[in-house]
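Observations on chain architecture
Listed below, chain by chain, are the residues.
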Amino acid sequence: MLAVVAVLAAVAGCQAEVAGRAYPLQDGFVVKDGTQLRFRPVLSEVPAGPAVGSPGQRQSTDPATQEAAARALSCGPGEPDALDGRDDPALPLVSCDRAQGTRYLLGPGFLSGADVSWVAARVDPETGNAAVTVNFTAAGAGTWAEWTGHNLGKQVAIVLKSRVLTAPMIQSAITGGTTQITGRLTLPEAQQLAREIAGA
């Protein structure tokens, strides 16, 4: 299980964000188009099993329809997504993590890619583990701090074009505007995840 933790120190090689101005990022990615990236709460995981039926209404508000859509959704790698980024962020979403094959029922989006300024993958010198660092804009940092403070021990899905990239667990309230996704990640996996979150 991946986790989201606070970053207590400034990240080396990055400068503070200045509104309306690009800034250098030596080993990361600046989010260029955040319209397809969403942060959604994980409401539940649907047990693994073969896809049965039709995915149907993946944005229904009816629990029975959501369950049926989740069980019918095919989550294999390379499977096309019928929504492909056309999901409504104000509605729930049935989606899956194609790398893990996990099906999720997600709540409405509360942050978008417009709230993220940069993303980087690095090895933590203290632990030797790879991590993805996400830095939020000033507005995004406030929303993230409030959401993480009320959702300790819960998962958040980072969704790109209706597909779950990762769904880490919140370990603490994160008030500094910079957060890390940690867990069993190799550096190449962390770099790929950072690229996907940034839309690079």
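These figures come from a predicted structure and were not determined experimentally. (Residues numbered from 1 in each chain as written. Predicted model: local features only at pLDDT ≥ 70, side-chain atom pairs only at ≥ 80, totals over all residues. Heavy atoms only, no water.)

Our next topic: the environment of Arg38. Within the secondary structure, Arg38 is located in strand E3 (residues 37-46). Between the alpha carbons of Arg38 and Val159 there is a distance of 5.1 Å; along the sequence they are 121 residues apart. The contact partners of Arg38, leaving out residues within four places of it in the chain, are Asp87, Pro89, Leu111, Ser112, Ala157, Ile158 and Val159. Polar side-chain contacts of Arg38 include one of 3.1 Å to the backbone oxygen of Thr35. (Helix = DSSP H or I, 4+ residues; strand = E, 2+ residues; numbered from the N terminus. Contact = heavy atoms within 4.5 Å. Polar contact = N/O pair within 3.5 Å; in protein donor to acceptor, adjacent residues only side chain to side chain.)

It is worth spelling out the nonpolar core at this point. Formed by 27 residues in total, the largest nonpolar core has its most connected members in Phe39, Val119, Val132, Phe136, Trp144 and Ile197. Of all elements in the fold, only E3, strand E7 (116-123), strand E8 (130-136), helix H2 (138-150), strand E9 (156-160) and helix H3 (187-198) reach the threshold of two or more residues within this core. Broken down by element, this core gets its largest block of residues, 5 residues, from H3. By size, the runner-up hydrophobic cluster in this structure holds 9 residues, among which are Leu93, Tyr104, Leu106 and Ala167. (Core = buried A, V, L, I, M, F, W, Y, C linked by side-chain atoms within 4.5 Å. Buried < 20%, exposed > 50% of the residue type's maximum accessible area, 1.4 Å probe, protein only.)

Pairs of aromatic rings are described using the distance from one ring centre to the other and the angle between the two planes. Applying the stated criterion across every chain, the model contains 6 aromatic pairs. Ring centres of Phe39 and Trp144 lie 5.8 Å apart, and the angle between their planes is 70 degrees; on these two criteria the pair is classed as edge-to-face. Separated by 105 residues along the polypeptide, Phe39 in strand E3 and Trp144 in helix H2 bring together distant segments of the chain. Residue Phe39 is classed as buried on the basis of its relative accessible area of 1%. Members of the aromatic cluster, joined through ring pairs, are Phe39, Phe110, Phe136, Trp144 and Trp147. (Phe/Tyr/Trp six-rings, centres within 6.5 Å; stacked < 30°, edge-to-face > 60°.)

Bringing the state of the cysteines into the picture now. For the coordinates displayed, the defined rule picks out 1 disulfide. Each disulfide pairs two cysteine sulfurs, and for Cys75 the partner residue is Cys96, the sulfurs being separated by 2.4 Å. Taking the sign of the S-S torsion, about -120 degrees here, the bridge from Cys75 to Cys96 comes out left-handed. A residue pair is termed long-range when its members are at least 10 positions apart, and Cys75 in the loop between helix H1 (63-72) and strand E4 (93-97) and Cys96 in strand E4 qualify at 21 residues. A relative accessible area of 8% means that Cys75 is categorised as buried. Here Cys96 falls in the buried class, since its relative accessible area comes to 1%. (Disulfide = S-S within 2.5 Å.)

What follows covers the side chain of Asp115. On the secondary structure map, Asp115 appears in the loop between strand E6 (111-112) and E7. For Asp115, which is buried and forms no salt bridge, the nearest opposite charge comes from Arg38, at a distance of 8.6 Å. Excluding its chain neighbours within four sequence positions, the residues that come into contact with Asp115 are Phe136, Thr137 and Gly140. (Lys, Arg positive; Asp, Glu negative; His and termini not counted. Salt bridge = Lys/Arg side-chain N within 4 Å of Asp/Glu carboxyl O.)

Our focus in this paragraph is the pattern of salt bridges. Counted by the stated rule, this structure contains 5 salt bridges. Between Arg58 and Asp81 there is a salt bridge whose closest N-O contact spans 2.7 Å. One end of the pair, Arg58, is in the loop between E3 and H1; the other, Asp81, is in the loop between H1 and E4, and 23 residues separate them in sequence. Each member of the pair, Arg58 as well as Asp81, carries the same accessibility label: buried.

Before going further, it helps to examine the pairing of strand E10 (residues 163-166). Successive residues of a regular strand alternate their side chains across the two faces of the sheet. With 3 bridges joining them, E9 and E10 adopt antiparallel strand pairing. Paired with Leu160 across the strands is Arg163, a residue of E10. Connecting the antiparallel pair E9 and E10 is a turn made up of 2 residues, with Lys161 showing a positive phi of about 50 degrees. (Pairing = 2+ DSSP bridges.)

For the protein chain, the average pLDDT comes to 83, and 82% of its residues sit at 70 or higher. Between residues 7-24, whose pLDDT stays under 50, and residues either more than four places distant or in other chains, the model counts 25 contacts. (pLDDT = per-residue confidence, 0-100.)

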